Amino acid sequence: MINHSKVSKVITYTIMIILVAACIIPFWLLVSSSLTDEDYIVQHGYSLIPKVFSLNAYRYLRTASRSIGRAYLMSIIYALVGVTANLILTVLFAYPLSRKDLPGRSAIAFFLFFTMLFNGGLVPTYLVYTNMLNLKDTIWGMIVPYLLMNPFYVIMMRTYINSSVPEEVIEAARVDGASEPRTLARIVLPMSKPILATVGLMALIGYWNNWTNGIYFLQQRSDLYGIQNFLNAVINQTVFLQNHAASSMAVGFKVPTQGVRMAIAVVAVIPLLITYPFFQKYFVKGITMGSVKG
């Protein structure tokens, strides 16, 4: 029995080590490649330890440090506004759906689920956002389309409320004369911190990594670019300079195309790495409780 327990622990720890390595090694390779000389990468490929150390990729990014700072600021604004709006809409949709006495509850739930399977298509959606809502070349073009509310988040939130917020507590609040908004604010939300953190983190990742909205809706306003769109423009610029030798020599050194791509990925992922530990204690519980029961 003791040997069986030891074998189980060894297997469990081995699997966990493999999973941790699978998460760490790609990021390690990313950082290492951004610090490796461009010629070495082209000739020998990527390696976990920089064989020929170089900061040329970061020196190149430093030439656009002011623009990168502005793009970071815009991404932070998009994330703060977008995540806040996303959570508000998700809660206001999920809480009524969690009430069994809601008239038309099944029909509304079906309509919500239907939107996860079918949509109007890219072109009609784009025309609605640009011609009817006039979101083109505005800050709202980076916040509203495709990201403002996700049906999957609503289902997760509704499932969590049904499974983790006792019905008796809500009924007791009603007996005490609490209105629905007061019940939601004073009872349901404080007991739903794990799922709120989970949905908030997912929405944050969506807004931070979003670059398609910038391509679709910011055609004349590059000053509204978030960090992903700006760094995508930097990649395009490095490729252009790399393909035009005369322009490349003008910057003082050979443009490190591969290294810049890796350095850009490092720059873009740092805020998420800083943010995640604050959500970690809620994330596992929220994603588990919100997904198990339907």
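Residues numbered from 1 in each chain as written. Predicted model: local features only at pLDDT ≥ 70, side-chain atom pairs only at ≥ 80, totals over all residues. Heavy atoms only, no water.

1. Observations concerning the overall build of the protein
Then, in step 1: Across its full length, the protein carries 14 helices and 0 strands.
Then, in step 2: Along the chain direction, N to C, the helices and strands of the protein fall in the order α-α-α-α-α-α-α-α-α-α-α-α-α-α.
Then, in step 3: Residues counted as buried form 36% of the 294 residues belonging to the protein.
Then, in step 4: The long-range fraction of contacts in the protein, counting pairs at least 24 apart against all pairs at least 6 apart in sequence, stands at 74%.
Then, in step 5: Total accessible area on the protein stands at roughly 17,100 Å², and carbon and sulfur atoms take up 68% of it. (Helix = DSSP H or I, 4+ residues; strand = E, 2+ residues; numbered from the N terminus. Buried < 20%, exposed > 50% of the residue type's maximum accessible area, 1.4 Å probe, protein only. Contact = heavy atoms within 4.5 Å. Areas by Shrake-Rupley, 256 points an atom, 1.4 Å probe, with all protein chains shown as cover.)

2. Examining the pattern of salt bridges
Between side chains of opposite charge, a pair can form when the charged atoms approach closely.
Then, in step 1: Within this structure, the stated rule accounts for 6 salt bridges.
Then, in step 2: Between Glu 180 and Arg 174 there is a salt bridge; the shortest N-O distance is 2.8 Å.
Then, in step 3: Among the residues examined, Arg 174 registers a relative accessible area of 25% and is labelled partly exposed.
Then, in step 4: Arg 221 serves as the salt-bridge partner of Asp 223, at 2.9 Å between the closest nitrogen and oxygen.
Then, in step 5: Taking relative accessible area as the criterion, Asp 223 reaches 30% and is therefore assigned partly exposed.
Then, in step 6: Among the ionic contacts, a cluster of salt bridges with common partners joins Asp 101, Glu 171, Arg 174 and Glu 180. (Salt bridge = Lys/Arg side-chain N within 4 Å of Asp/Glu carboxyl O.)

3. What to know about helix α7 (residues 151-164)
Then, in step 1: Between its first and last C-alpha atoms α7 spans 20 Å; for 14 residues at 1.5 Å apiece the expected length is 20 Å, and the two agree.
Then, in step 2: Along α7, the residues that are buried comprise Pro 151, Tyr 153, Val 154, Met 156, Met 157, Arg 158, Thr 159, Tyr 160 and Ile 161. (Expected span 1.5 Å × (residues − 1).)

4. With respect to the packing of aromatic side chains
Describing an aromatic ring pair means giving the distance of the ring centres and the angle of the ring planes.
Then, in step 1: Within the structure shown, the criterion is met by 9 aromatic pairs.
Then, in step 2: Pairing Tyr 126 with Phe 217 gives two aromatic rings, centres 5.6 Å apart and planes at 25°, and the pair type is stacked. Here the residue Tyr 126 occupies a position in helix α6 (residues 122-132), and Phe 217 occupies one in helix α11 (residues 212-217), the gap between them amounting to 91 residues.
Then, in step 3: Here the aromatic cluster, defined as three or more aromatic residues joined through ring pairs, consists of Tyr 126, Tyr 129, Tyr 146, Tyr 216 and Phe 217. (Phe/Tyr/Trp six-rings, centres within 6.5 Å; stacked < 30°, edge-to-face > 60°.)

5. Comments concerning the packing of α7 against helix α10 (residues 193-209)
Then, in step 1: Relative orientation of the contacting elements α7 and α10 amounts to 170°, with a least axis distance of 10 Å. In terms of axis orientation, α7 runs roughly antiparallel to α10. For the pair α7 and α10, the contacting residues are Tyr 153, Met 156, Met 157 and Tyr 160 in the first and Pro 194, Ile 195, Leu 196, Thr 198, Val 199, Met 202 and Ala 203 in the second.
Then, in step 2: Residue composition of the contact of α7 with α10, by class: 10 nonpolar, 1 polar and no charged. (Axes fitted to C-alpha atoms, helices over the stretch in contact; angles between N-to-C directions. Parallel < 35°, antiparallel > 145°, perpendicular 65-115°, else oblique. Nonpolar A, V, L, I, M, F, W, Y, C, P; charged D, E, K, R; others polar.)

6. Points about the nonpolar core
Then, in step 1: Of all hydrophobic cores here, the largest spans 50 residues; its most connected members are Leu 61, Met 157 and Leu 231.
Then, in step 2: When residues of this core are traced back to their parent elements, those giving at least two are α3 (56-62), α4 (65-98), α7, α9 (180-188), α10, α12 (227-243) and α14 (257-292).
Then, in step 3: Among the elements that line this core, the one with the most residues is α4, at 11 residues.
Then, in step 4: Apart from the residues lying within four places of it in its own chain, the contact partners of Leu 231 are Ile 68, Ile 264, Val 267 and Ala 268. (Core = buried A, V, L, I, M, F, W, Y, C linked by side-chain atoms within 4.5 Å.)

7. Here we look at the environment of Ser 32
Then, in step 1: You can see Ser 32 is positioned in helix α1 (residues 2-34).
Then, in step 2: Taking the C-alpha atoms as reference points, Ser 32 and Met 262, separated by 230 residues in sequence, lie 8.7 Å from one another.
Then, in step 3: Leave out the neighbours within four places in its chain, and Ser 32 touches Ser 47, Leu 48, Ile 49 and Pro 50.

8. Let's talk about a nonpolar patch on the surface
Then, in step 1: Among the surface-exposed residues, Phe 110, Phe 113, Phe 114, Met 116, Leu 117, Phe 118 and Phe 152 lie close enough to one another that they form a single nonpolar patch of about 710 Å² accessible area.
Then, in step 2: Sorting elements by how many residues they give to the nonpolar patch places helix α5 (residues 105-117) first, with 5 residues.
Then, in step 3: With respect to the helices and strands, Phe 152 occurs in helix α7. (Patch = residues over 30% accessible without salt bridge, like charges linked within 9 Å, V, L, I, M, F, W, Y side chains within 5 Å.)

9. So, the confidence of the model for the protein
Then, in step 1: Mean pLDDT over the protein works out to 81, with 87% of the residues at or above the 70 mark.
Then, in step 2: Of all helices and strands in the protein, the one with the weakest mean pLDDT is helix α13 (residues 245-250) (49), whereas α4 scores best (90).
Then, in step 3: Low pLDDT (under 50) marks residues 247-253, which in the prediction has 8 contacts with non-local residues, meaning those over four places away or in another chain.
Then, in step 4: Low pLDDT (under 50) marks residues 290-294, which in the prediction has 8 contacts with non-local residues, meaning those over four places away or in another chain. (pLDDT = per-residue confidence, 0-100.)

10. Focus on unusual backbone geometry
Then, in step 1: The backbone of Asp 137 shows a phi angle near 60°, a positive value even though the residue is not glycine.
Then, in step 2: Even without being a glycine, Tyr 146 presents a positive backbone phi close to 70°.
Then, in step 3: Position of Tyr 146 relative to the elements: it lies in the loop between α6 and α7.

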